[in-house]
Amino acid sequence: MDIENMIDIYKDDLYKLCLKLTNNKIDADDLFQDTWLKIYNNFYKLDEQKSIKNWIYTVCINTYKDVYSKKKRWLNIITDFFNFKSKDEIMEQQSVDIDETQTII
């Protein structure tokens, strides 16, 4: 099977999976495209004796996990930062920094 036929056969099922995983169209579009890019780049690894659909779904799910874990990591970093410092503490620190800069000048 060549890649063009594979895309024609599995594109609808793959897109439905992307929508289920992401719950929104924009992220589903990105995941759909990223999945096909990975499939294209790893097409030589395809074992036609095994289920092609399962392989495609596995690539999609692993791609989703990679993206989700990166987003979650950044969200945790941002959340930790803002939970650690209140808005008043951040504003106070900025004014101290400004005062220190003026003293140096």
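Coordinates for the structure precede this section.
Bear in mind that the values here come from a model prediction, so they are computed numbers and not experimental data.

Trainee: Any details on the environment of Lys-11? Residues and values, ideally.
Mentor: By the element assignment, Lys-11 lies in helix 1 (residues 3-22). Sequence separation of Lys-11 and Trp-36 is 25 residues, and the distance between their C-alpha atoms is 9.1 Å. Those residues within four positions of Lys-11 in sequence are excluded, and the remaining contacts are Met-6, Phe-32 and Trp-36.

Trainee: Help me get a handle on the side chain of Thr-35, residues and values and all.
Mentor: For Thr-35, the location among the structural elements is in helix 2 (residues 25-41). Those residues within four positions of Thr-35 in sequence are excluded, and the remaining contacts are Leu-14, Ile-56, Val-59, Cys-60 and Thr-63.

Trainee: Describe the pattern of salt bridges, with residues and values.
Mentor: Considering all chains together, one arrives at 3 salt bridges under this definition. With a shortest N-O distance of 3.3 Å, Asp-29 and Lys-25 are connected by a salt bridge. Here Lys-25 and Asp-29 lie together in helix 2, a separation of 4 residues that amounts to about one turn. Salt-bridge contacts for Asp-66 lead to Lys-38; the nearest nitrogen and oxygen are separated by 3.6 Å. With Asp-66 in helix 3 (residues 52-84) and Lys-38 in helix 2, the pair connects residues that are 28 residues apart, well separated along the chain. Note on Asp-66: relative accessible area 39%, which makes it partly exposed.

Trainee: An account of the nonpolar core is requested, with residue identities and associated values reported.
Mentor: In this structure, Met-6, Trp-36, Ile-39 and Ile-56 are the most contacted members of the largest nonpolar core, which totals 16 residues. Elements represented by at least two residues in this core include exactly helix 1, helix 2 and helix 3. Ranked by the residues each element gives to this core, the list is headed by helix 1, at 6 residues. Discounting residues that sit within four places of it in the chain, Ile-39 has contacts with Ile-3, Met-6, Trp-55, Ile-56 and Val-59.

Trainee: Lay out helix 2 in plain terms, naming residues and giving numbers.
Mentor: For helix 2, built from 17 residues, the straight-helix expectation of 24 Å at 1.5 Å per residue is met to within 8% by its first-to-last C-alpha distance of 24 Å. Residues of helix 2 that are buried include every one of Ala-28, Leu-31, Thr-35, Trp-36 and Ile-39, and no others. One side of helix 2 holds all its buried residues, which, seen down the axis, span an arc of 130 degrees. Pointing more than 90 degrees away from the buried face of helix 2 are the exposed residues Ile-26, Tyr-40 and Asn-41. N-cap assignment for helix 2: the residue whose side-chain oxygen lies 3.3 Å from the backbone N of Ile-26 is Asn-24.

Trainee: Describe the side chain of Thr-63, naming the residues involved and giving the relevant values.
Mentor: Among the structural elements, Thr-63 can be located in helix 3. For Thr-63, a relative accessible area of 2% puts it in the buried group. Looking at Thr-63, its side chain comes within polar contact range of the side chain of Lys-38, at 3.5 Å. Looking at Thr-63, its side chain comes within polar contact range of the main-chain oxygen of Val-59, at 2.7 Å. Those residues in contact with Thr-63, other than ones at most four positions away along the chain, are Leu-31, Asp-34, Thr-35 and Lys-38.

Reading guide: rules and limits
- Residues numbered from 1 in each chain as written.
- Predicted model: local features only at pLDDT ≥ 70, side-chain atom pairs only at ≥ 80, totals over all residues.
- Heavy atoms only, no water.
- Helix = DSSP H or I, 4+ residues; strand = E, 2+ residues; numbered from the N terminus.
- Contact = heavy atoms within 4.5 Å.
- Salt bridge = Lys/Arg side-chain N within 4 Å of Asp/Glu carboxyl O.
- Buried < 20%, exposed > 50% of the residue type's maximum accessible area, 1.4 Å probe, protein only.
- Core = buried A, V, L, I, M, F, W, Y, C linked by side-chain atoms within 4.5 Å.
- Expected span 1.5 Å × (residues − 1).
- Arc of directions from axis to C-beta.
- Polar contact = N/O pair within 3.5 Å; in protein donor to acceptor, adjacent residues only side chain to side chain.

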